[in-house]
Amino acid sequence: MNNKQTKIRNLQELKAEISRLKALKNEQEVYLKTQFTLLNNKIEAPIRFFNSLKDNIPGVNVIQQLFSKSNNPDSDWLTKTLRIGVPFIMNRLFLKNTGVLKKALMLLLSERAVGQINQDKISGLISKLTSFIRPKKKKNKGAQIEGAIIKDEVNEYGIPSYSETY
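Basis of the calculations
Residues numbered from 1 in each chain as written. Predicted model: local features only at pLDDT ≥ 70, side-chain atom pairs only at ≥ 80, totals over all residues. Heavy atoms only, no water. Helix = DSSP H or I, 4+ residues; strand = E, 2+ residues; numbered from the N terminus. Buried < 20%, exposed > 50% of the residue type's maximum accessible area, 1.4 Å probe, protein only. Contact = heavy atoms within 4.5 Å. Areas by Shrake-Rupley, 256 points an atom, 1.4 Å probe, with all protein chains shown as cover. Salt bridge = Lys/Arg side-chain N within 4 Å of Asp/Glu carboxyl O. Axes fitted to C-alpha atoms, helices over the stretch in contact; angles between N-to-C directions. Parallel < 35°, antiparallel > 145°, perpendicular 65-115°, else oblique. Left-handed = near helix turned anticlockwise from the far one by under 90°. Nonpolar A, V, L, I, M, F, W, Y, C, P; charged D, E, K, R; others polar. Patch = residues over 30% accessible without salt bridge, like charges linked within 9 Å, V, L, I, M, F, W, Y side chains within 5 Å. pLDDT = per-residue confidence, 0-100.

S.K.: Can you break down the overall build of the protein chain residue by residue, with the values?
M.R.: Within the protein chain one finds 6 helices and 0 strands. Mapped in sequence order, the helices and strands of the protein chain form the string α-α-α-α-α-α. Relative to its full complement of 166 residues, the protein chain shows a buried share of 7%. For the protein chain, contacts bridging at least 24 residues in sequence account for 38% of all contacts bridging at least 6. Carbon and sulfur atoms form 62% of the exposed surface of the protein chain, whose accessible area is close to 15,400 Å².

Written as structure tokens, this is what we have:
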């Protein structure tokens, strides 16, 4: 970079200085673009290493899908959790001494079944169960008897007998 100041005396020197500055600008742009590319490559190297390591670990994609936003409107946190939890529980409790083929088939079927379950269906089922379990509200028999007495005492004209003064 040339820091000394030059005095421009005529039009030719001005044009030469403008062309020199344009060439200097182009050189600096190319240099900055290459430096930016190198910096991006250095920053992305650990990210690429982590992603390749992550791809080789089984089960990481399932956990990543659990916390990612899904386009499926029926897929919520409960469905995602059940998709991970049901195969784990089935392997630990029910499918301990079974073969690989049976495990794979049962896990595939359980994943499909869990895919049909979502939070709205579970809350609807719970509300139906609670309405079935809760006792019906008993009507107060005293209020019914008083209403019947008052209704009997009303005469034809709509004036209750107990409202008359003698």
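S.K.: Give a detailed account of the pattern of salt bridges, specifying residues and quantitative values.
M.R.: Applying the stated rule across the entire model yields 3 salt bridges. The partner of Arg20 in a salt bridge is Glu17, with the nearest N and O atoms 2.5 Å apart. Of this pair, Arg20 and Glu17 both sit in helix H1 (residues 11-56), separated by 3 residues, roughly a single helical turn. With a relative accessible area of 19%, Glu17 lands in the buried category.

S.K.: Run through the packing of helix H3 (residues 77-94) against helix H4 (residues 100-115), naming residues and quoting values.
M.R.: Here H3 crosses H4 at 155 degrees, and the two axes come no closer than 9 Å. Judged on the interaxial angle alone, H4 and H3 are roughly antiparallel. Crossing of H3 against H4: the hand is right-handed. Contact with H3, carried on its side by Thr79, Leu82, Arg83, Val86, Pro87, Met90 and Asn91, involves Lys103, Met106, Leu107, Ser110, Glu111, Val114 and Gly115 of H4 and no other residues of that element. Of the residues in the contact of H3 with H4, the class split is 7 nonpolar, 4 polar and 3 charged.

S.K.: Before we move on, can you summarise a nonpolar patch on the surface with the specific residues and values?
M.R.: A surface patch of nonpolar side chains, about 340 Å² in accessible area, is lined by Ile8, Leu11, Leu14 and Ile18. The topology assignment puts Ile18 in helix H1. Accessibility expressed as a relative area gives 41% for Ile18, which makes it partly exposed.

S.K.: Please set out the confidence of the model for the protein chain residue by residue, giving values where relevant.
M.R.: When the pLDDT values of the protein chain are averaged, the result is 77; 70% of them are 70 or greater. Looking at the elements of the protein chain, mean pLDDT is at its lowest for helix H6 (residues 141-153), recorded as 52, and at its highest for H1, recorded as 92.

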